[in-house]
Amino acid sequence: MSLLDRSILSLSEETLNAVGWTQEEDCKIVLFTSYSNPHTTGLTDRDTIALGICLAGDSFCRYLYMQKLSPGEALYEGSADCWDDQSEVFYALEGSKLLPVGTPFTVSYDDSTTCEVILGISIDSNDSSTLIVGLVANQMIGFTPDKVLLDCLLSKKEEASNSGGLKRKRVTLGNVKYGSRHLKSREANRAALLWMDKYAKDIVKMDRVSGPFHQPQQRRYQVLVGSKWKKVRTLPECVSYVMEQCGRDFWEDMLSLPGCIDLAGSSK
């Protein structure tokens, strides 16, 4: 069974009712993962649902989607192969309507009855074998109801890009309050860089690289995942990873402990 075949589902009545779908005989419902943000790409609509987001490991910042395909419709072009490691943990997003926001879960492809949500079954067309597919809440990891983190990753102002080379939207950290003062976008970015430089030197690399076709230099962010350095596309995503790893909250530190960084004395 190929990865795509394995991800074609016959949804349960409970799941169909929860998401407000019907499943006609000639349509396909599939699971896939993608680094595309559901808000900036417009990917989430009545026929596509972002179920969760991975916040650590090799799939860091990869979204898990469920899509209803009409006859002849192709899978979303920005989709990636389904995750090879079923131990990858995703955090439920608000639009899924299947698990409370922030619930850590894994996807099960077996006959397990421990699933909190039974999505349905996947059928191997070659030998007619079936697998129960469901969402298993991970009891070893705490909820992530921290809306600051989720809002950062799902911000409608987050970077939007495509392979056609269209101009990227400006990426911001949203509302950052430095003590009693609201920071402008450029100041907020500089504060985030100083904050990460102070609290996460061992897990973050930040440098500048030349842009394509002689464009001005751009910042590059890398985070340490296990023993490997992984590229992170945006400053907000980098801040979110640091918050996960060091147990600090950038927004809270800026509000309550603005003296932890020397914003006025730095031109970084």
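First, a word on what this report is: a plain description of the structure on this page. (Residues numbered from 1 in each chain as written. Predicted model: local features only at pLDDT ≥ 70, side-chain atom pairs only at ≥ 80, totals over all residues. Heavy atoms only, no water.)

### Digging into helix α5 (residues 235-246)
The α-helix advances 3.6 residues per turn, and as a result positions three or four apart in sequence lie on the same side.
(1) Moving on: With 12 residues, α5 should reach 16 Å at 1.5 Å per residue; the first-to-last C-alpha distance of 16 Å fits that figure.
(2) Moving on: With respect to burial, α5 is a largely interior element, 9 of its 12 residues being buried.
(3) Moving on: Looking only at α5, the buried set comprises Leu235, Pro236, Glu237, Cys238, Val239, Ser240, Tyr241, Val242 and Met243.
(4) Moving on: Just downstream of α5, Gly247 is the residue with a positive phi angle, here 75°. (Helix = DSSP H or I, 4+ residues; strand = E, 2+ residues; numbered from the N terminus. Expected span 1.5 Å × (residues − 1). Buried < 20%, exposed > 50% of the residue type's maximum accessible area, 1.4 Å probe, protein only.)

### Describing the sheet that holds strand β6 (residues 104-110)
(1) Moving on: Around the barrel, 8 strands lie side by side as β1-β2-β4-β3-β5-β6-β8-β7; this closed barrel has antiparallel pairing. Adjacent strand axes in the sheet meet at a mean angle of 40° when their direction is disregarded.
(2) Moving on: Taken together, the 7 bridges between strand β2 (residues 28-34) and strand β4 (residues 63-69) define a ladder with antiparallel strand orientation. Paired with Val30 across the two strands is Gln67, which belongs to β4. (Pairing = 2+ DSSP bridges. Axes fitted to C-alpha atoms, helices over the stretch in contact; angles between N-to-C directions.)

### Quick look at the packing of aromatic side chains
Each aromatic ring pair is described using two quantities: the centre-to-centre distance and the angle formed by the ring planes.
(1) Moving on: Tallied over the entire structure, the rule returns 6 aromatic pairs.
(2) Moving on: Centroid distance Tyr63 to Tyr65: 6.2 Å. Interplanar angle 40°. Geometry classified as tilted.
(3) Moving on: The exposure class of Tyr63 is buried, given its relative accessible area of 2%.
(4) Moving on: For Tyr65, a relative accessible area of 0% corresponds to the buried category.
(5) Moving on: Among the aromatic side chains, those forming a connected cluster through ring pairs are Trp195, Tyr199, Phe250 and Trp251.
(6) Moving on: Between Arg248 and the ring centre of Tyr199, over which it is positioned, the NZ or CZ distance is 4.1 Å. (Phe/Tyr/Trp six-rings, centres within 6.5 Å; stacked < 30°, edge-to-face > 60°. Lys NZ or Arg CZ within 6 Å of the ring centre and 35° of its normal.)

### Concerning helix α4 (residues 185-199)
(1) Moving on: Its 15 residues place the ends of α4 21 Å apart at the C-alpha level, agreeing with the 21 Å of an ideal helix rising 1.5 Å per residue.
(2) Moving on: Within α4, burial applies to Glu187, Ala188, Asn189, Arg190, Ala191, Ala192, Leu193, Leu194, Trp195 and Met196.
(3) Moving on: Tucked inside the fold, the buried residues of α4 contact β10 (181-182), β11 (204-209), β12 (218-225), α5 and α6 (250-256). (Contact = heavy atoms within 4.5 Å.)

### Examining the environment of Asn175
(1) Moving on: Along the polypeptide, Asn175 turns up in the loop between α3 (147-154) and β9 (177-178).
(2) Moving on: In this structure Asn175 comes out as exposed when scored by relative accessible area, which is 55%.
(3) Moving on: Between the C-alpha atom of Asn175 and that of Trp251, which follows or precedes it by 76 residues, the distance is 8.4 Å.
(4) Moving on: Once you skip the residues sitting within four places of it in the chain, Asn175 turns out to touch His182 and Trp251.
(5) Moving on: Looking at Asn175, its side chain comes within polar contact range of the side chain of His182, at 3.0 Å. (Polar contact = N/O pair within 3.5 Å; in protein donor to acceptor, adjacent residues only side chain to side chain.)

### Structural notes on the sheet that holds β12
(1) Moving on: Sheet architecture is open: 3 strands sit in the order β11-β12-β13, paired in antiparallel fashion. Of all strands in the sheet, those with a lone pairing partner are β11 and β13 (228-232), marking the two edges. Within the sheet, the average angular offset between the axes of one strand and its neighbour, ignoring direction, is 30°.
(2) Moving on: Note that β12 and β13 share 5 bridges and pair antiparallel.

In short, shape yes, function no, at least from these values alone.
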